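Residue strings, one per chain:
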Amino acid sequence: MARTKRAKVVSLTQTKAKTRDHKENLMNAVRDAANEYNYIWIFAVSNMRNTYLSEVRSLWKGSKIFFGKLRVIARALGETPEEEIRPGLGKIAQRLRGNVGLLMTDSPPAEVLDWCSDYRRLDYARMGSRATETIVMPAGPVECRTNPPETLPHNMEPQLRALGMPTQLKRGVPTLLEEFSVCKKGEKLTAEKAQILKHLLVQMAHFRLIPLVYWSAVGAAGDEGEGAVIEVPLTEEDRILVDSSNANLKPKGGRVSHDMDDDEEMDDEPSELDVIEARDQAMMLPEGMKL
């Protein structure tokens, strides 16, 4: 009897699954770059956006940036003095935890620190971020933050009501029936409040790279030989941003335990980027509204 084709599963995706070869290629790329550059930085990312990360990569042409697959990168660098491919890189590998990445460059530390201090991109805050201002909306038509202010389209009213705003459609305009407090300065934003702010075109977050520590091939003052690891002092603001992005500044004691043999598949920890980007798809701008 011929096999039925009714229950045949057809994959519509064109994305190929990552294999062990992909991870080995990544390890080789990390090792080549680590042997090429004089400085290797660990940076935390505040308010991750793939668009801005791509911009950073283009601005740092001539250097190498690695983000994600931290377990694979750590293994490529070597996590112990016996495994590290250059002296001191084991200390860098042990610090690869949280929402962090690597910048490998020949630019001097002062130049990197100045660039990280100046570079920032304004964007919408996400759930868990802290409000940078108090937003209280008066009763009446709901207006977004444009110049001049514009009322939201009529099809937004059910969404605003679902987010907890006391609104009603009057003459085709979403209207607040009473004064409504969206957020207070310093409070953590809920998913609903973050989405309301996005609908109102209120941006409260900055995409930033925050340097945490760097490895120097040329050593440091008072040191002999290569392999100096230098901690970067953080301001209170930077420390709060690092904590909120779940980046750890210190190694979790000794060797990083991956609990796998050389022949085992080196699966990475679940990435936050896919979860964040998927969540943001639900936080769309009002129809017809543009920045």
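Residues numbered from 1 in each chain as written. Predicted model: local features only at pLDDT ≥ 70, side-chain atom pairs only at ≥ 80, totals over all residues. Heavy atoms only, no water.

Draft legend 1. Just the confidence of the model for the chain, in detail. A residue-level look at the chain finds 75% of positions with pLDDT of 70 or above and a mean pLDDT of 80. Long-range and interchain partners of residues 247-277, a stretch whose pLDDT sits below 50, account for 65 contacts in this model, where long-range means more than four residues apart. In the predicted structure, residues 279-287 sits below a pLDDT of 50 and forms 20 contacts with residues beyond four places in sequence or in another chain. (pLDDT = per-residue confidence, 0-100. Contact = heavy atoms within 4.5 Å.)

Draft legend 2. Spotlight on the packing of helix H1 (residues 20-36) against helix H3 (residues 70-77). The geometry of H1 relative to H3 is characterised by a closest axis approach of 9 Å and an angle of 50° between their N-to-C directions. Between H1 and H3, the interaxial angle falls into the category oblique. Handedness of the H1/H3 crossing: right-handed. For the pair H1 and H3, the contacting residues are Lys23, Leu26, Met27, Val30, Arg31 and Ala34 in the first and Val72, Ile73, Arg75, Ala76 and Leu77 in the second. Of the residues belonging to the contact of H1 with H3, the class tally is eight nonpolar, no polar and three charged. (Axes fitted to C-alpha atoms, helices over the stretch in contact; angles between N-to-C directions. Helix = DSSP H or I, 4+ residues; strand = E, 2+ residues; numbered from the N terminus. Parallel < 35°, antiparallel > 145°, perpendicular 65-115°, else oblique. Left-handed = near helix turned anticlockwise from the far one by under 90°. Nonpolar A, V, L, I, M, F, W, Y, C, P; charged D, E, K, R; others polar.)

Draft legend 3. The pairing of strand S3 (residues 100-105), seen in detail. For S3, a buried count of six out of six residues is recorded, marking the element as mostly surrounded by other parts of the structure. Residues Val100, Leu102 and Met104 point to one face of S3 and Gly101, Leu103 and Thr105 to the other, with burial holding for every one of them. Sheet topology note: the strand S2 (residues 64-67)/S3 ladder contains four bridges and is antiparallel. What sits directly across from Phe66, in S3, is Leu102. (Buried < 20%, exposed > 50% of the residue type's maximum accessible area, 1.4 Å probe, protein only. Pairing = 2+ DSSP bridges.)

Draft legend 4. Structural detail: the pattern of salt bridges. Under the counting rule described, the total for this entry stands at seven salt bridges. When the shortest N-O distance is used, the salt bridge between Glu231 and Arg95 registers 2.8 Å. Here Glu231, found in strand S13 (residues 228-231), pairs with Arg95, found in the loop between helix H4 (89-94) and S3; they are 136 residues apart in sequence, far enough to count as distant. We classify Glu231 as partly exposed; its relative accessible area is 43%. Where Glu133 meets Arg145, a salt bridge forms, and the shortest distance between an N and an O atom there is 3.1 Å. With Glu133 in the loop between strand S4 (121-123) and strand S5 (135-137) and Arg145 in the loop between strand S7 (143-144) and strand S8 (150-151), this pair connects stretches of sequence that are 12 residues apart. Residue classification places Glu133 among the partly exposed positions, given a relative accessible area of 26%. (Salt bridge = Lys/Arg side-chain N within 4 Å of Asp/Glu carboxyl O.)

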